[in-house]
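# A closer look at the structure
Spelled out, the chains give:
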There are 2 protein chains.
Amino acid sequence: MCSYVHPFDPLTPKEIQLAAGILRRHVTATDILFRVIALCEPPKEEMMVFLDNEHGIPHDTSAATPTRCARIQAYVDKKFCEFKINLDDQIVVSKDVLEGRHSHIDPGRMRKVELACLADPRVKEKIAALKLPDEATVVVEPWTYGTDGMNDMSKLVTMCWFYLRVSADPDANFYAFPLPLSVEMSSGLEVAHIFHLPLSDDDETDQPLKRFDHNNIHSSSEYHPNLSSSRRATTKPYHVVQPEGPSFSVQGNLITWEKWTLRVGFNYREGMTLHDIRYDDRSLFYRLSLSEMFVPYGDPRTPYPRKAAFDLGNDGAGICANNLQLGCDCLGHIKYFDGYLTTNAGIPLKLPNVICCHEIDDGILWKHTNFRTGNAVVTRARQLVLQTIMTASNYEYIFCFYFGQDASLTYEVRATGILSTAPISSAATTSRYGTIVAPGVMAPNHQHLFCLRIDPAIDGWNNSLQVEESVPLQFSPGSPEENPFGMGYTTNTQIVPHETGLDLNHLTNRIFKIVNEEKVNGTTGTAVGYKLVPFYSQPLLAHASSFHARRSEFASHAVWVTRYHEEEMFPAGKFTMQSAGGEGIASWIESRRGRGRELGGEVSGEVGGDGDGEDPSSVRNKDIVIWHSFGSTHNPRVEDWPVMPCEKMSVGLKSVNFFERNPALDVPISTQEKNLSVLVIDGSESGDGQEGKEDSGRRGCC
Amino acid sequence: MCSYVHPFDPLTPKEIQLAAGILRRHVTATDILFRVIALCEPPKEEMMVFLDNEHGIPHDTSAATPTRCARIQAYVDKKFCEFKINLDDQIVVSKDVLEGRHSHIDPGRMRKVELACLADPRVKEKIAALKLPDEATVVVEPWTYGTDGMNDMSKLVTMCWFYLRVSADPDANFYAFPLPLSVEMSSGLEVAHIFHLPLSDDDETDQPLKRFDHNNIHSSSEYHPNLSSSRRATTKPYHVVQPEGPSFSVQGNLITWEKWTLRVGFNYREGMTLHDIRYDDRSLFYRLSLSEMFVPYGDPRTPYPRKAAFDLGNDGAGICANNLQLGCDCLGHIKYFDGYLTTNAGIPLKLPNVICCHEIDDGILWKHTNFRTGNAVVTRARQLVLQTIMTASNYEYIFCFYFGQDASLTYEVRATGILSTAPISSAATTSRYGTIVAPGVMAPNHQHLFCLRIDPAIDGWNNSLQVEESVPLQFSPGSPEENPFGMGYTTNTQIVPHETGLDLNHLTNRIFKIVNEEKVNGTTGTAVGYKLVPFYSQPLLAHASSFHARRSEFASHAVWVTRYHEEEMFPAGKFTMQSAGGEGIASWIESRRGRGRELGGEVSGEVGGDGDGEDPSSVRNKDIVIWHSFGSTHNPRVEDWPVMPCEKMSVGLKSVNFFERNPALDVPISTQEKNLSVLVIDGSESGDGQEGKEDSGRRGCC
C-alpha cells in the first residue's frame, strides 16, 4: 500500500480490489459470487504490542506491524466459502468451506424471489381471489425464514409477505394494507407453501381466503410528504453555528476530541465499530460495537413464528447503512465517513456518508453556587456524536455513540420507521397479539433485543468484572457502635470469577464495574474502573427450549462476561441465517466450563470467589469481553403508526475511581460572551413597577 | 386586582403585599414573622368547572371564577400558624395553630446558629485543640436535624458541621477540609452537645480529639475559576441561532408551543409547577410537580444518622432557586420567569430568572427510507425545555421538563454540585461507608430519593391506573393452535382497584398506564392513556421501622396511586422539619383502607379486581394521583469531586393509544435548506481517485 493505513482501518477500495484479485487468481473457478470482502482485524495479541508501541508504552518495540489481511466470504461454484487473504504477501492464507451455512441476505436474490413469487400461477390465483382494487399494486416483502424446525435448514427458505400499494406513488405506505397471504419460497425459487393468514385471534390459519375489504382503504397512513400534505407551520428554524469550526479533528479514521482519541471502523455486519478508545492518553476500550440484534415477533399463529429477524447477522448494519444527508440526518458542523463494501463481482462498492460526526450541546455539565458568596460557576456539556442509521425493510435503527467531556460514553439506539403489520378483520376490535393501528391493520407485539459488545482495556489489557450491591447493615437497636438507627448501609463487591450471564437488579442497586485490579486509584484505594449503566429491559420472552431462545443465546441475560477469543464476535453465532442455535455466547461458556471441569478447576457461575488462572472459563484479571443485552418489548401504540417517533434506549459507560478527580473540571466556564444567547421578551413582560420592594440579591454566574 | 390573573398564576407582588396587610390587620400581634405567602390554589372541584369553561367543554357556565386566596405561614407571637386569606373579600378565612410543627429553614436563623456556635467557648476550645493553620477560616455548615429520636422534636435542633477554608478567597472549596467536630445546637441557640467525629471505620465517636493533619492541605479540590486556572482550550464556541425567534409564545404564565399549552407556576416549596397541560386542546395533566425529595446518608456512626435532608420540605426548591443567567445556565433563545416569595417582614421578595424556557434540537424524531425507491423522509425532534435549578447547601439539582412534538413529556433531574464530606484519617486507605476523594476527605454513601407527583386528567377528570405485563403463552409443543413453537406471548392488563404502592419489574416489562376508561380509542379499541416510563432505581435502604423510613413513606415503592385529596400534596407529610413520620402517602392510604374495611369494602392492595365505588380507597375511574419515586443510591466516585458532573435521572410520560396516530406525523420534513448545516472537510478527505468503481446508488433525503 502506498499511503499509510492503520491496522484498524477498514479495507480501502484498492485493497478490496487487490483481495478479490488474489482470490480470483487462487481459485480456478470462474463462478465466484462475492459476499464479503472486509478487513480481517489483526490478532489482538499483535495489536496489543502495536498499540503499546504506538502510545509509547514499553512493550516489544522490535515487533513488526501486523500483517494486513482480508476476509472474503464468497460462493465459489455455488459453495459458500470463507478465505483469509494476506494482502502484504498477496496469498490466500486459509479457506473454509462453510457446509450447511448461509450468507447474509443478497438483495439481488431477494428481488428474484419477489418476482418468482408473483409470477407463480397459484399465487396469481390467490391474488385474483382477493378481488383487489384494479389500480392497486401488490408488493411482496421477502423475509428471511425464522427457523421453526419445519424445514431443512441447509436449504435457503424465504417467506413472502403481501401488501397492497393503493396509490400510484411508489413511496406510498403499502404496510397500511397487509394482505392475508404468505408464501414460503424454496431455495430453487419455487412456491413451497401458500398460507392463508388468520384474520382474527381465534381464526385458524388456512381458512378459506376472504375477499379484500375495500372499506379498509384509507389515506391516513401516509408519511411521505408527497402524500401527507398537512404539516404544522409553527416550528421555526434552528441553526447550530460554530464560528471557529468544530472542536474535533479527523485524520483518516482517527478522531481527536476533548482528550478523547478513537478510531472509527465500518464493516458490512456491525456497521460502525470503534477501536482503541482512549481518554487523556489512557486506554479505556479496545473495541466497541453492536454485535447482534434479534427481533422476534410474539404472535404464535402459523406462520408468524417465522418472523424472527437477526438484523445484524442476516441483514447487516453496514449493508443497510443509510446515506446520511447534511441538514437532514445531521444538524451542525458535520464530518462524514464513507464505507466500502463489495459487489457480487468483487468490485468495491462505495456507501457514501454512512457515519456522521458532529458536536451537540447537552445542557449543564456541572454547576455550583456558593450560597455564602452567591457566586455560581457553570460549565456546559459539549458532546461528540457518532451516528449511523440502518434500514431493515420497514424499520430504521439509529445507532449513536455520545462522548462526554467528563470521560463518559453513552451508546444510544433509536428505533423508528414503520411497524411490520398483519391483516385483521375489521370486525375484530382488539387483538391479544398486537394493536390495531388502522382499518384492517394489526401491528403485532414483538421484541427488539440488542447486544452491545464491550471489549475493555481499562488502563491495561487484563480486566475483571466487579459486581457491587448496596445493602442495609443489620439493624441493631440500642447498639451504638453498629446500626442503632436502622439507616446504615454499605456496599458488597465481588469479582466475577468465571464466564457467566448475569441479570440486572435495581432493588439492590446492582452495579457492574469493569476494573483493572492491577491499577489502584491513589486516592480511593480501589481498583480503577468503568461502570456499565445498563438499560433495564425484559429479556427474551420465548421459551428456553424454543428455536428463538437457542438461536439468540445472548438474549436470556442482561450482562455477560467471557474470556476474549478472536472468533467470538457474534453472541448468536457467526452464521445466523437459518441457524439452528447452540452456537452463541451461552454455548461458548458452557464448552469452556466443561473444559474447566476436566481440568479440575472451579466452575461455579456464581459471583464471588477467586478464579482459577488455569481454568479456561476464568475471567478474573484476564483479557475479557463484556456483553450487554438490552432492548424493548414493543407492544405497539397506535402512535407508532404510520411511522414511529423514535423509541430511545441508552447504555452508559462511566468512569468509577479511574481518574484522580472530575475529569471535566477543566472545561471552560460557560459565559454569555462565548455562548451569545438571546433574551426573549414577550408582551407579558411586566414593566409596570409590580416588582417586589426587595430583591433576593442572588447573583448568578458570569 | 386590576390586571387579569389566572387562577393558577402565583401571587403577584401586589397580592403578596395585600395578603400580608390583611393578616396584619386581622391579628393584633405585632410580632409577625412571615415564612410563606403563596397562592392557595383553588379547590380542584372549582377548577374543573373553570377549566372546562375556559376550554369550551360544556360544564356549569354559570359558575363563578374561583376566589383568589393566599396561604400564609407565619410565626405570630412565636407560634407557628397557617392562615388562609380570601384576597377578593380581603378576609382571613381560616387559622390553624401548628402546635409542635416547624417551618422550613430560615436562612437568617441559620446564620445566627453559625455565629452562636462559633462564639461558644467550648467550641472555641475544641477548635483551638485542632491546631489549625493560622490563616485558615473555620466554616460552620448548619444542617437541619434528621430525626433520630434522641431529642424532643418540638424543639428546633440544628446540627453544625465544621469545615476549613484554607484560602483567603471566599469561593474556596471548604468541603475539601472537613473537621472532626460536630455540634448540636438547641432551639435557644445554645451548644447542646459536641461530637468528636470518628476518623476511621472502626473508630468510635468521641475519642480524644486529634490535631488537624496539616499534611492534608492540598490545592487540587478547587472548582472556582479564580482558584483552578488550568482549563482546556479545545472547546470551540457553539451558538444556537433562531433567525425567526423561538417557536414558543408566552402570555403571562401560559406557554404555547407546538400544540402544547400549559401554565407555569412557582412556589417556595416545589419550585416550578405545571398546570393544565394540554396537547392539541386535549387535557393530559391537571398538575405536575416534584413533590418531595429525601437525601439520607448511610453512615451509621453517631451523629451521622442525623444527616437526612428533606430538600423540598425543609429547604424548598423555590426558596433555593438559582438566578439563571443568559448564556451560562441556558443556551439559545431564552425566556425567563421570575418568582416572588416573601421576606420575614411580609414584603414581596423577587427571585429573578427562576425558570428558563427555551428550545433544543434532539436529533431525529422519525425517519423512514423506502428501500425500494431509496427515498428517505426525516424529521428532527425539537423540544421545549423548562428548567429550574436549586442549591441545597453543597448540592445542586437541575429540574427540567422536556416537551416533545410527539406529545411525549420527560422529567429530568440532574444532580451536580459538591459532595457532602466527612473527615477521615489519612491512615485509612478505604472506608466501607463511602469513598475517599481527597487527603483526609471521605464522601459518604447516600441516597437521593425524589417523588414526582402526577395529577392526571387524561382526556377527562376520572382516570384509572392500568398495569400491563408481557407474559409468555403456555408452551404447547405439537398443538398447532396454541403456542407450538414456544415463542408466543401476550399482555396481561389489570386495573389497580385500590390505593396502593407498587414496584417496578423490568423482567415482566411491567408498564404503568394512566387510562381514561370512559374514552375508548376508535382505532385500537382500548382506553386512551399515557404511560409512565419510570426511572429504575433502588428504594430507600433504611429499615422499615427506622425514623428515615417512617418519615419518607414515599420512598419504599416506585409507583403509588391515591385518590385526589386537596391537602395531600407532599408524600412525606406537610411538615417535614423534624417530623416523626407516619404522615405520608402510606399513612394516607392506610387510613382510608381502614375506613374501607369499616364500610365493608374490598381492601386488597393487590392489582386486579374491581374497585368499589363507595370505598374511599377505590381508585378506579376516579380523580386519582400517581406518584413516582425514583432516585439514585449515590456511592460517590472520586470523579464526583470536587464538583460533580451531572448525574441524570429521567422519567417519561408517553401517550399510549391516546391519539389516532403518530401526533408528530405533521412535523416539517428536515431539510438542509432550513437547517443550514456545514460540511466539515478535513485533510484526510480522499480526492485521489480511491473511490470504488460502483456506488451503492442510495439516495438520501431532501
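Residues numbered from 1 in each chain as written. Chains lettered and ligands numbered in written order. Predicted model: local features only at pLDDT ≥ 70, side-chain atom pairs only at ≥ 80, totals over all residues. Heavy atoms only, no water.

### Concerning the relation of the copies chain B and chain A
Mapping chain B onto chain A calls for a screw motion: a turn of 180° about the axis and a shift of 0.0 Å along it, with 0.0 Å RMSD after fitting. The transformation relating the two chain copies, once decomposed into turn and shift, fits a two-fold axis. Identified as the residue of chain B closest to the rotation axis by C-alpha distance is Val240(B), at 2.5 Å. Comparing interface residues between copies, 100% of those in chain B also lie at the interface in chain A; the contact surface is shared. (Least-squares fit on C-alpha atoms with pLDDT ≥ 70 in both. Contact = heavy atoms within 4.5 Å.)

### Quick word on a negative patch on the surface
The grouping of Glu45(A), Glu46(A), Glu566(A) and Glu567(A) at the surface amounts to a negative patch. Assessed through its relative accessible area of 40%, Glu566(A) is described here as partly exposed. (Patch = residues over 30% accessible without salt bridge, like charges linked within 9 Å, V, L, I, M, F, W, Y side chains within 5 Å. Areas by Shrake-Rupley, 256 points an atom, 1.4 Å probe, with all protein chains shown as cover. Salt bridge = Lys/Arg side-chain N within 4 Å of Asp/Glu carboxyl O. Lys, Arg positive; Asp, Glu negative; His and termini not counted. Charge placed at Lys NZ, Arg CZ, Asp CG, Glu CD. Buried < 20%, exposed > 50% of the residue type's maximum accessible area, 1.4 Å probe, protein only.)

### What to know about the interface of chain B and chain A
At the junction of the two partners, chain B supplies 214 residues and chain A supplies 214 residues. When the buried area of chain B at its contact with chain A is split by residue, Arg232(B), Tyr238(B) and Tyr489(B) rank highest and sum to 5% of it. Remark: the boundary between chain B and chain A carries 16 salt bridges. Residues Arg414(B) and Asp362(A) are paired through a salt bridge, measuring 3.6 Å at the closest nitrogen-oxygen approach. Counting across the chain B and chain A interface gives 126 residue pairs in polar contact (both at pLDDT 80 or more). Considering every element that reaches the side of chain B that touches chain A, the biggest residue donor is strand E17 (residues 348-370) of chain B, with 17 residues. (Buried area = accessible area lost by both parts, 1.4 Å probe. Polar contact = N/O pair within 3.5 Å; in protein donor to acceptor, adjacent residues only side chain to side chain. Helix = DSSP H or I, 4+ residues; strand = E, 2+ residues; numbered from the N terminus.)

### Comments concerning the UniProt feature "active site" (unreviewed entry) in chain A
All names here are of chain A. When the UniProt feature table is mapped onto this chain numbering, "active site" (unreviewed entry) sits at Asp-311 and Tyr-395. For the annotated residues, spread through 85 residues, the largest C-alpha to C-alpha distance comes to 10.0 Å, consistent with a single compact locus. Relative to the assigned elements, Asp-311 resides in helix H5 (residues 311-315). With sequence-adjacent residues up to four places away left out, Asp-311 is seen in contact with Glu-292, Met-293, Val-295, Gly-316, Ala-317, Met-390, Ala-392 and Tyr-397. When sequence neighbours within four positions are dropped, the list of residues in contact with Tyr-395 reads Tyr-297, Met-390, Thr-416, Gly-417, Ile-418, Leu-419, His-446, His-448, His-634 and Met-644. (UniProt positions renumbered as here; feature names shortened; annotations may be inferred.)

### Regarding the pattern of salt bridges
Tallied over the full model, the rule gives 84 salt bridges over all chains. One salt bridge connects Arg510(A) with Glu469(A), and the closest N-O pair in it is separated by 2.6 Å. Placement of the pair is Arg510(A) in the loop between strand E27 (500-502) and strand E28 (511-520) and Glu469(A) in strand E25 (residues 464-472), with a sequence separation of 41 residues. The class of Glu469(A) is buried, set by a relative accessible area of 18%. Two residues, Arg306(B) and Asp148(B), come together in a salt bridge whose shortest N-O distance is 2.9 Å.

### Things to note about the environment of Val625(B)
All names here are of chain B. Examined against the element boundaries, Val-625 turns out to sit in strand E31 (residues 624-634). Accessibility expressed as a relative area gives 1% for Val-625, which makes it buried. The contacts of Val-625, once residues within four sequence positions are left out, are Arg-453, Ile-454, Asp-455, Pro-456, Trp-560, Val-561, Thr-562 and Tyr-564.

### Focus: unusual backbone geometry
Following Thr302(A), the chain continues into Pro303(A) via a peptide bond in cis, with omega recorded as 0°. Assignment of secondary structure puts Pro303(A) in the loop between strand E14 (282-296) and strand E15 (308-310). Here the bond from Trp641(B) into Pro642(B) is cis, since omega is 0°, no more than 30 degrees from zero. Looking at where Pro642(B) falls in the secondary structure, it is placed in the loop between E31 and strand E32 (644-656). With a phi close to 55°, Ser393(A) is a non-glycine residue in the positive phi region. Within the element layout of this structure, Ser393(A) appears in the loop between strand E18 (375-392) and strand E19 (395-404).

### Let's talk about the sheet that holds strand E22 (residues 434-438) of chain A
Residue and element names in this part refer to chain A. With respect to topology, 3 strands assemble into an open sheet ordered E21-E23-E22, the strand pairing being antiparallel. Edge strands, defined here as strands with exactly one partner in the open sheet, are strand E21 (422-423) and E22. By the bridge criterion, 4 bridges tie E22 to strand E23 (residues 441-444) in an arrangement that is antiparallel. Counted as the bridge partner of Thr-435 is Ala-443 from E23. (Pairing = 2+ DSSP bridges.)

### Considering the pairing of strand E2 (residues 69-76) of chain A
Side-chain positions along a regular strand alternate between the two faces of the sheet. Residue and element names in this part refer to chain A. A large share of E2 lies buried, amounting to 7 of its 8 residues. As paired strands, strand E1 (residues 32-40) and E2 are joined by 8 bridges and run antiparallel to one another. Bridging from a neighbouring strand, Ala-38 pairs with Arg-71 of E2. Summarising the sheet, E2 and strand E3 (residues 79-86) pair through 8 bridges and their orientation is antiparallel. The partner of Ala-70 across the bridge, within E3, is Ile-85. Counting the residues in the hairpin turn of E2 and E3 gives 2 residues, including Asp-77, whose phi is positive at 50°.

### Quick notes on the state of the cysteines
According to the stated counting rule, one finds 0 disulfides over all chains in the structure shown. Counting only cysteine sulfurs, Cys330(A) is the nearest neighbor of Cys356(A), a cysteine outside any disulfide, at a range of 3.3 Å. Here Cys81(B) is not cross-linked by a disulfide; its sulfur's nearest cysteine counterpart is in Cys40(B), at 16 Å. Taking relative accessible area as the criterion, Cys81(B) reaches 1% and is therefore assigned buried. (Disulfide = S-S within 2.5 Å.)

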